[in-house]
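Coordinates in review
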Amino acid sequence: MNLFDILGPIMVGPSSSHTAGAVRMGSMARALLGQPPVRAQLLLHGSFASTGEGHGTHQALIAGLLGMTPDDERVPDSFALAKEHGLKFIFDTVNLRDVHPNSALIRLEGADGSKIEVAASSLGGGRIRVFQIDGLSCSFSGELPTLVVHNTDQPGCVSQVTGVLARRGLNVATLQLNRDGRGESAVMVIESDHVIFPGAVDEIRALPGILRVTRYTPEGMEEER
Amino acid sequence: MITFDSLEQMLLDTKQSGLPLWENILQSDYRAQNITREQSLSKMTGLLDAMIHADESYRAEDRSASGLSGGAGGRMSDYAKGETLCGPFLSEVMAGALRMGECNACMKRIVAAPTAGACGVLPAVLLPYARQFGASKEQLVQALYVASGFGMVIAHRASISGAEGGCQAEIGSAAAMAAPALVHLQGGTPEQMAHACAMAVKNLLGLVCDPVGGLVEVPCVKRNVIGAMDALSAAQMALAGIESRVPPDQVLDAMAEVGRSLPHILRETGKGGLAATPFAQQYAPKEI
């Protein structure tokens, strides 16, 4: 805990969990798609579903999908901006069972047809946790630079990816790996202490067995490199 | 990383350092965070600027999505122009608290202090104070260090979350941060700041979190007013040499205990208190 956990964040109201966290969930989903979404389906769970309207949760999620941060004064106008940017979206409710009450399942599609499904929760104070990508469990907050690698479940994938990071001097803070079944697709989530720059992403993308590589850089860390 | 886990320790450490309290809080924090003094100061100045900008962004005609909030800040400002019950300074404080609470409800950009629901308390006392007593921006930034230093100890010993500790943890904490900040601006001692913090907490101890419809609007917006008035009265008592009989750290521990004892329905669930009134039913969360 530091002073700026007590004072701040600067955010568009009314709620750090239902508004600021929702913006972050949207921008995380956009980052994991790796491109601006053109189509989105947003399924709201629990308190997001029941009180989201009064909290601007819907506008906040769409603002995040457009790449806004929680302090962007355009958050309340995100629906109009989505129209300008060619983003079509629909909202519905869902029961995700035993998850945090402030959760949503976000399905996105990019202009080139690539798709992703991200399930995340807003934990309070604007902090979030992604707990599922494309149906595979994971757990990360986006507070550290994060690399998400979709790969085929085959020997050597992890060591090749971490090898690239090691050669480029990027320290791995945490690593998670989950798969559908033996030999099928897997998702690797790597949190690093350093911003994962595009060169490293391109190099990993070129490795055998790698299906997709996306990265998330926390707000305020972009200028580091 | 927690820098101080008790008010007693914060005061003792400050005494030994020979630094003013705000400076000791600043130095302890930037060292713990491994950032520079300039980075910390610029971030804190950014928060103050955002508070000022938010206050200026208020429009009396704005309404929240639910229709529950909007216009009260404008009404209070209008009233403050005439002969008021509380006089010009307190009327300005009240108007400021309402404006910021309504800005938050209407999706304007605000500074959570310590939470979004309680974002009106600190700016409501600091901005009119600066106008009334001519405090500089530097002094206001110092006051924010004092406020956040006390806030850290409150968060560590008790809570700054309504879901955890009820409204006493949100508006109560905001008032308990604003009170020592005011004592600092008036040139009071660190001991007076600690007593101001404690008295502000005591006066809102047990305040429940019972938002209508589960929304950060009713009673949150107007509770920013009582938070600001609580801070002013606690600061004035401390400056007059009045002390909290119960030692300040024990007051914070009592706040934690009260928070734990509050029933679930009175901790931000929107199921008890004002949220359970017949009026509130039309705003009740949708059944999913």
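Every value quoted in this text rests on a predicted model; they were computed, and no experiment measured them. (Residues numbered from 1 in each chain as written. Chains lettered and ligands numbered in written order. Predicted model: local features only at pLDDT ≥ 70, side-chain atom pairs only at ≥ 80, totals over all residues. Heavy atoms only, no water.)

Here we look at the overall build of chain A
When its secondary structure is counted, chain A shows seven helices and eleven strands. Relative to a compact globule of 225 residues, whose C-alpha radius of gyration would be 17 Å, chain A shows 17 Å and is just as compact. Counting over 225 residues, chain A shows a buried share of 54%. In the form shown here, chain A has an accessible surface area of approximately 9200 Å², with 48% of it arising from carbon and sulfur atoms. (Helix = DSSP H or I, 4+ residues; strand = E, 2+ residues; numbered from the N terminus. Rg over C-alpha atoms; globule rule 2.2 N^0.38 Å. Buried < 20%, exposed > 50% of the residue type's maximum accessible area, 1.4 Å probe, protein only. Areas by Shrake-Rupley, 256 points an atom, 1.4 Å probe, with all protein chains shown as cover.)

Let's talk about the packing of aromatic side chains
Remark: the centre distance and the inter-plane angle together describe each pair of aromatic rings, the angle taken between the planes. Counted according to the given criterion, the structure contains seven aromatic pairs over all chains. Aromatic pair F79 of chain A and F89 of chain A: ring centres 4.9 Å apart, planes at 50 degrees, arrangement tilted. Of this pair, F79 of chain A sits in helix α5 (residues 78-84) while F89 of chain A sits in strand β3 (residues 88-93), and the two are ten residues apart along the sequence. Note on F79 of chain A: relative accessible area 36%, which makes it partly exposed. Look at Y129 of chain B and F133 of chain B: their rings are 4.5 Å apart centre to centre, the planes differ by 25 degrees, and that puts the pair in the stacked class. On the criterion of helical spacing, the pair formed by Y129 of chain B and F133 of chain B is a turn pair, its members being four residues apart in helix α6 (residues 121-133). (Phe/Tyr/Trp six-rings, centres within 6.5 Å; stacked < 30°, edge-to-face > 60°.)

Digging into the interface of chain A and chain B
Across the contact, 30 residues belong to chain A and 43 residues belong to chain B. Taken together, both faces of the contact between chain A and chain B bury some 3000 Å²; the carbon and sulfur share is 69%. Among the residues of chain A in contact with chain B, L3, F4 and L7 of chain A are the three that bury the most area, contributing 25% of the side total. Across the chain A-chain B interface, the total number found is eleven residue pairs in polar contact (both at pLDDT 80 or more). Listing elements by their share of the side of chain A that touches chain B, those giving two or more residues are α1 (3-6), β1 (10-12), α2 (16-33) and α3 (46-55) of chain A. Ranked by residue count, the leading element in the side of chain A that touches chain B is α3 of chain A, at six residues. The residue makeup of the side of chain A that touches chain B, split by class, is 13 nonpolar, 13 polar and four charged. Bridge count between β1 of chain A and strand β1 (residues 109-111) of chain B: three bridges; the pairing is antiparallel. Directly across from M11 of chain A, in β1 of chain B, lies its bridge partner I110 of chain B. (Contact = heavy atoms within 4.5 Å. Buried area = accessible area lost by both parts, 1.4 Å probe. Polar contact = N/O pair within 3.5 Å; in protein donor to acceptor, adjacent residues only side chain to side chain. Nonpolar A, V, L, I, M, F, W, Y, C, P; charged D, E, K, R; others polar. Pairing = 2+ DSSP bridges.)

Some thoughts on the domain arrangement of chain A
Residue and element names in this part refer to chain A. According to the domain assignment, chain A contains domain 1 (3-133) and domain 2 (146-216). Taken together, the ten residues of domain 1 in the interface contact eight residues of domain 2. Approximately 700 Å² of surface area, both sides summed, lies buried where domain 1 meets domain 2, with 63% of it carried by carbon and sulfur atoms. Where domain 1 meets domain 2, there are zero salt bridges. Viewed at the interface, domain 2 and domain 1 are joined by two residue pairs in polar contact (both at pLDDT 80 or more). Only α2 and β5 (115-124) provide two or more residues apiece to the side of domain 1 that touches domain 2. (Domains from an automatic or database assignment. Salt bridge = Lys/Arg side-chain N within 4 Å of Asp/Glu carboxyl O.)

A word on the sheet that holds β5 of chain A
Residues and elements named next belong to chain A. Ordered by their spatial adjacency, six strands build an open sheet running β3-β2-β4-β5-β6-β7, and the pairing between neighbours is mixed. In this open sheet, the two strands that pair with only one neighbour each are β3 and β7 (136-140). Between one strand axis and the next, the sheet turns by 20 degrees as a mean value, whatever way the strands run. Pairing of strand β4 (residues 102-110) with β5 involves seven bridges; the strand directions are antiparallel. Bridged to R107 within β5 is E117. Those strands touched by α2 are β2 (37-45), β4, β5, β6 (127-133) and β7, and its axis lies near 155 degrees from that of β5. Each of β2, β3 and β4 touches helix α4 (residues 57-65); the most contacted strand, β2, lies at about 145 degrees to it. (Axes fitted to C-alpha atoms, helices over the stretch in contact; angles between N-to-C directions.)

A closer look at the environment of E53 of chain A
By secondary structure assignment, the location of E53 of chain A is in helix α3. Judged by relative accessible area, which is 53%, E53 of chain A ranks as exposed. As for E53 of chain A and H18 of chain A, which are separated by 35 residues in sequence, their C-alpha atoms are 9.6 Å apart. If we skip the residues at most four places from it in the chain, E53 of chain A touches H58 of chain A together with A65 and K286 of chain B. In terms of polar contacts, E53 of chain A uses its side chain to reach the side chain of K286 of chain B, at 3.0 Å.

Some remarks on the environment of G149 of chain B
With respect to the element layout, G149 of chain B can be found in helix α7 (residues 137-157). By relative accessible area, which is 2% here, G149 of chain B ends up buried.

A few points about the sheet that holds strand β8 (residues 146-152) of chain A
Residue and element names in this part refer to chain A. Reading across the sheet, the four strands line up as β9-β10-β8-β11 and stay open at both edges, with antiparallel pairing between neighbours. Edge strands, defined here as strands with exactly one partner in the open sheet, are β9 (172-179) and β11 (210-216). Adjacent strand axes in the sheet meet at a mean angle of 15 degrees, parallel and antiparallel pairs treated alike. Where β8 meets β11, six bridges bridge the pair, whose relative direction is antiparallel. What sits directly across from N151, in β11, is I210. Sheet contacts for helix α7 (residues 198-205): β8 and β11; angle to β11, the most-contacted strand, approximately 165 degrees.

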